[in-house]
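Given next are the chains, with one letter for each unit.
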Amino acid sequence: MEPTDTLLHIQGLSKRYQFRRVFANLDMELARGEWVLICGPNGAGKSTLLRLIAGLEKAQVGSLTSVAARIGYLSHASGLYEDLSPRENLEFFAKIFRLENGPQRAAELLEQFGLTERRDDPVRSLSRGMIRRLSIALAVLHQPDLLLLDEPFSGLDYDAQLALLDLLKGIQAQGCTIVLTTHEFSLEEALDFRLLYLHKGKLIHDQRCRAFAEARDIYQNAMRAGQKETKKTKPPTEKTPQARLNTPASHPPYRLRDYLAQVWAVAQKDLRTEMRTRELLNFMLLFGLSAILIFSFAFNLMSNAVRNFIPGMLWTALIFTGFLGLSKAVNRDFANQSMDVLRIAPLEPSAIYLGKLLGIFIVQLSVAVVLLLAALILFNTALLQPAMATALSSGILGLAASGTLLATLVERTRSREMLLPVLLMPVLIPLLIACVQVTQDAAAGLALVESLAWYRLIFIYNIIMVSVGMLTYGSTIEN
Amino acid sequence: MQTSARTPKLINLLIALSAILLIGALWMVFAYAPLEQTMGIVQKIFYFHVSSAWVGFFAFFVTFVGSLLYLLRGQDRWDRLAVASAEIGFVFISITLVSGMLWAKPVWGAYWVWEMRLTISLIQWLIYFSYTLLRRSLAHTEDAARVSAVYGIVAFVTVPLSWFAIRWWRTIHPQVFSSSSSGLPASMLATLLVCLGAFSVLYFTFLLQRLRLEKLVRERLAVLSAEADREWAA
């Protein structure tokens, strides 16, 4: 087919980061089924261009019109959860992309990318080349019609680059438009592609090449010439080789069932990671028990007069352990830029929020139960009362609701570890007061109705925090 | 449009009005309002304490509205409003805390008593402080505006809940207004109203001036960005 069927149209695009201009008035067009290679010196705007096309960043001026129904994106980072296996990663993202045959598609890709033997090993145990292949498998999981790859050959040896190129050729042959950035031109392969050379956000060269060696010459000449030779060469209108275009199926309608399935998938992924690493549980439990120990000496909690302090001590310990866990739990989605993959997927940000909230809630509730039992044994108090389950679970829900939102909010700030407690503590005060009261009432053996006013307050707090979280999470996870 | 270096007429007018109202309020507090029989001269703090608390609460509400509108509309001016009001609110809540403590010592025998309004003021003070810290940890970007806006909303909704929680928990604060009557003699009430008016005008004066400064800062950043652009283009 001829590359005249426009897939993407960029007009007058300008993008800046405070004091750094990336693009000024960029115009560009991509046709369906094209193979496009973007190169240029560091800071030319290659990665930003891919992120703009993927919808992960917004330009200040200009328009970017894309008719691509599905976009696949691979950044410098892998986008993968390192504590999960390749199979678990692909199956998780298949649920997020709402693929009906998720496990089957994951198995196909693992086979195609030569990862079947290592499908159940944690991603962190794979070689760099394997992780790169798996990242590309993730990018093509939902059969995108536009695939954006940022430096896919980076860090791979020659054979691995060659193997990767073969895989990409196969994907392109199925009708996918491939746009990749690279500095690697050592491959001695014949390939008909369009070369775009960017310099300081400007398109300097736009021409067709038939081999990497040809692109290397253009690249090196342009690098030597710097910006002086800014002659733009019109690409010849040739046929893109063997591009068979699959008309991509649009996503099926979004139903409540799909939404809930995505919420559960996010929570399940977090819990699975936690079960595998036990990072949060171990640290939180150890910290919580240490806090109880310190409190017991600071207030001499064995004295009958201060027994009423025990619910307060328990909640203080829970809140402090929460600070430890929240930051780590949220960071897992940002560590390898997995959040970018989630943002590209047909997924409501509120579903990510609710899924994370659910995962954090379950982990924190487990910690609360252990700390409760520890307090019961260490201080010989009657804490195991029927109303205690409601007291703990309602309070932990509020803690998880506000904590998940604020931990995500500070994720990209400087000194996020210090900022989270500072922001979260004042917000938790009404919850803490109410939780201590209901826990005291429960420990005294009072029925739920006796603490109804406090439960009402906790209920309102939880409703407000969950609502604010659901409504603002999209703004929170934006770059 | 470029902001003029000269102070706008409206701000000058508000500065003059604030000065007149504050002088009038001071006269009313010390010369017009009668001396309270039980508390004596220390009761005079009450007029400034209540007025600064009112402005602090109102400023917090304005930050909430600015944050909400920024998230809904994405316009820079709403972010400027939120940040300007938060900073001014922080100053007024600090005055509330200090005046409250000065009043509490002779009346309650301690600088700090864990009663409802003082505690709420402390929570607000902490929230304003956190908001400013959050702001400082981010550069002047859209990210900073968005992140602060989310926190501005979360923080605001916490305040009424804290109010109820602490009210149910314990309270010994004197009720300034009840549903039937203010409980104040007419002269004291008039003095309080003038103080409230003077502090409110002072708040708007500060707010307009701070908004102007924030606009100037952002215009300066834009100039620096344009210079960077020229270097980039060269």
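Thresholds, definitions, all that
Residues numbered from 1 in each chain as written. Chains lettered and ligands numbered in written order. Predicted model: local features only at pLDDT ≥ 70, side-chain atom pairs only at ≥ 80, totals over all residues. Heavy atoms only, no water. Pairing = 2+ DSSP bridges. Helix = DSSP H or I, 4+ residues; strand = E, 2+ residues; numbered from the N terminus. Axes fitted to C-alpha atoms, helices over the stretch in contact; angles between N-to-C directions. Contact = heavy atoms within 4.5 Å. Domains from an automatic or database assignment. Buried area = accessible area lost by both parts, 1.4 Å probe. Salt bridge = Lys/Arg side-chain N within 4 Å of Asp/Glu carboxyl O. UniProt positions renumbered as here; feature names shortened; annotations may be inferred. Polar contact = N/O pair within 3.5 Å; in protein donor to acceptor, adjacent residues only side chain to side chain. Phe/Tyr/Trp six-rings, centres within 6.5 Å; stacked < 30°, edge-to-face > 60°. Buried < 20%, exposed > 50% of the residue type's maximum accessible area, 1.4 Å probe, protein only. Expected span 1.5 Å × (residues − 1). 1 Å grid on protein atoms, 1.4 Å probe; cavity = no way out; pocket = protein on both sides within 12 Å on 5 of 7 lines; lining within 4 Å. Points joined across faces, edges and corners; volume = space filled by probe spheres on them. Nonpolar A, V, L, I, M, F, W, Y, C, P; charged D, E, K, R; others polar. Core = buried A, V, L, I, M, F, W, Y, C linked by side-chain atoms within 4.5 Å. Disulfide = S-S within 2.5 Å. Patch = residues over 30% accessible without salt bridge, like charges linked within 9 Å, V, L, I, M, F, W, Y side chains within 5 Å. Areas by Shrake-Rupley, 256 points an atom, 1.4 Å probe, with all protein chains shown as cover.

Mind laying out the sheet that holds strand E9 (residues 202-211) of chain A, listing which residues take part and the relevant values?
Strand pairs in the sheet, formed through backbone hydrogen bonds, run parallel or antiparallel to each other. All names here are of chain A. Strand order in the open sheet made by the 6 strands is E5-E6-E7-E3-E8-E9, with mixed pairing throughout. Each of the sheet's edge strands pairs with one partner strand only, and the pair in question is strand E5 (71-74) and E9. Between one strand axis and the next, the sheet turns through 15 degrees on average, direction left out of account. Here helix H1 (residues 46-54) sits on the sheet and contacts strand E3 (35-39), E5, strand E6 (146-150), strand E7 (177-181) and strand E8 (190-199); the angle it forms with E6, its principal contact strand, is near 150 degrees.

With reference to specific residues and values, describe the domain arrangement of chain A.
All names here are of chain A. The domain boundaries assigned to chain A delineate domain 1 (6-70 + 143-225) and domain 2 (256-477). Summarising the inter-unit geometry, the C-alpha centres of domain 1 and domain 2 are found 44 Å apart. With 4 residues of domain 1 at the interface, the matching set in domain 2 holds 4 residues. Here domain 1 meets domain 2 over a buried area of about 300 Å², counting both sides, of which 49% is carbon and sulfur. Three residues stand out in domain 1 for area buried against domain 2, namely Arg51, Ala54 and Leu56, and they jointly supply 95% of the buried area on that side. Applying the counting rule to domain 1 against domain 2 returns 1 salt bridge.

Just give me the short version of the UniProt feature "transmembrane region" (unreviewed entry) in chain A, but keep the residues and values in it.
On the UniProt side, "transmembrane region" (unreviewed entry) is annotated at positions that read residues 280-303, 309-330, 351-379, 391-410, 422-440 and 452-473 of chain A here. In the segment residues 391-410 of chain A, helix accounts for 95% and strand for 0%; the C-alpha atoms at its two ends are 29 Å apart.

Any details on the sheet that holds strand E2 (residues 20-31) of chain A? Residues and values, ideally.
Residue and element names in this part refer to chain A. Spatial ordering of the open sheet is given by E2-E1-E4, a layout of 3 strands whose pairing is antiparallel. Looking along the sheet, the strands with just one partner apiece sit at the ends: E2 and strand E4 (61-66). For this sheet the average axis-to-axis angle between neighbouring strands, irrespective of direction, equals 15 degrees. Both strand E1 (residues 6-17) and E2 contribute to a ladder of 8 bridges, which runs antiparallel. Residue pairing for E2: lysine 15 is matched across the bridge by phenylalanine 23.

Outline the interface of chain B and chain A, listing residues and values.
In this assembly, 41 residues from chain B lie in contact with 40 residues from chain A. Of the roughly 3,400 Å² buried between chain B and chain A, counting both surfaces, carbon and sulfur atoms make up 71%. Where chain B meets chain A, there are 1 salt bridge. Residue arginine 146 of chain B is joined to glutamate 478 of chain A by a salt bridge in which the shortest nitrogen-to-oxygen separation is 3.3 Å. If you look at where chain B meets chain A, you find 4 residue pairs in polar contact (both at pLDDT 80 or more).

Quick one: what's the story with the packing of aromatic side chains, residue by residue and with numbers?
Given two aromatic rings, their pairing is described by the distance between the two centres and the angle made by the two planes. Residue and element names in this part refer to chain B. Tallied over the full model, the rule gives 23 aromatic pairs over all chains. Summarising the aromatic geometry, the rings of phenylalanine 61 and phenylalanine 156 are spaced 5.8 Å apart at their centres and angled 55 degrees between planes, so their arrangement reads as tilted. With phenylalanine 61 in helix H2 (residues 45-73) and phenylalanine 156 in helix H5 (residues 142-169), this pair connects stretches of sequence that are 95 residues apart. For phenylalanine 61, a relative accessible area of 38% puts it in the partly exposed group. Summarising the aromatic geometry, the rings of tyrosine 203 and phenylalanine 204 are spaced 5.1 Å apart at their centres and angled 70 degrees between planes, so their arrangement reads as edge-to-face. Counting every residue linked through ring pairs, the aromatic cluster contains Phe60, Phe61, Phe64, Tyr128 and Phe156.

An account of the environment of leucine 431 of chain A is needed here, citing residue identities and associated values.
Residues and elements named next belong to chain A. Mapped onto the elements, leucine 431 comes out in helix H13 (residues 416-443). The class for leucine 431 is buried, based on a relative accessible area of 4%. Linking leucine 431 and glycine 398, residues 33 residues apart in sequence, is a C-alpha distance of 7.1 Å. Among residues more than four places away in sequence, those in contact with leucine 431 are Gly395, Gly398, Leu399, Ile458, Tyr461 and Asn462.

Before we move on, could you go through helix H7 (residues 256-277) of chain A and cite the residues and values that matter?
Residue and element names in this part refer to chain A. Compared with the 32 Å implied by 1.5 Å per residue over 22 residues, the 32 Å span of H7 between its first and last C-alpha is a close match. Taken residue by residue, H7 has Asp258, Tyr259, Gln262, Val263, Ala265, Val266, Ala267, Lys269, Asp270, Leu271, Thr273 and Glu274 as its buried positions. Elements that come into contact with the buried residues of H7 comprise helix H2 (86-96), helix H8 (279-299), helix H9 (309-335), helix H11 (349-379) and helix H14 (452-477). Trailing H7 by a residue or two, arginine 278 shows a phi angle of about 50 degrees, which is positive.

Give me empty space enclosed by the protein: which residues, what numbers.
Evaluation of the coordinates by the stated rule reveals 5 cavities of 30 Å³ or more. Its boundaries defined by the atoms lining it, the largest cavity holds a volume of some 80 Å³. If you go around the largest cavity, you meet 11 residues; those closest to its centre are Leu409, Arg412, Thr476 and Glu478 of chain A together with Val147 of chain B. Those elements that provide at least two residues to the lining of the largest cavity are helix H12 (388-409) of chain A together with H5 of chain B. Tallying contributions element by element places H5 of chain B first for the lining of the largest cavity, with 3 residues. Broken down by class, the residue content of the lining of the largest cavity amounts to 3 nonpolar, 4 polar and 4 charged.

Hey, could you go over the nonpolar core for me, with residue numbers and the actual values?
By size, the foremost hydrophobic cluster in this structure holds 177 residues, and its most contacted members are Leu168 of chain A together with Tyr151 of chain B. In terms of residue count, H5 of chain B provides more of this core than any other element does, 15 residues in total. Two domains each provide a minimum of three residues to this core, namely domain 1 (6-70 + 143-225) and domain 2 (256-477) of chain A. Listed in part, the 28 residues of the second largest apolar core include Phe23, Ala68, Leu203 and Ile344 of chain A.

Help me get a handle on the state of the cysteines, residues and values and all.
All names here are of chain A. A complete count under the given rule lists 0 disulfides over all chains for this structure. Here cysteine 39 is not cross-linked by a disulfide; its sulfur's nearest cysteine counterpart is in cysteine 209, at 8.4 Å. A relative accessible area of 0% means that cysteine 39 is categorised as buried. Look at cysteine 209 and you get buried, because its relative accessible area is 0%.

Outline a nonpolar patch on the surface, listing residues and values.
All names here are of chain A. Together, Phe283, Phe287, Phe320, Leu324 and Met425 line one region of the surface with nonpolar side chains, adding up to about 460 Å² of accessible area. The set of elements that each furnish at least two residues to the nonpolar patch consists of H8 and H9. As for its position among the elements, methionine 425 is in helix H13. A residue is classified by how much of its surface remains accessible, and methionine 425, at 37% relative accessible area, is partly exposed.

Let's hear about the environment of lysine 95 of chain A: which residues, and what values?
Residues and elements named next belong to chain A. For lysine 95, the position within the fold is in helix H2. Sequence separation of lysine 95 and leucine 196 is 101 residues, and the distance between their C-alpha atoms is 35 Å. Residue contacts for lysine 95: discarding those within four places in its chain leaves Gln262, Ala265 and Gln268. Only 3.2 Å separates the side chain of lysine 95 from the side chain of glutamine 268, close enough to count as a polar contact.

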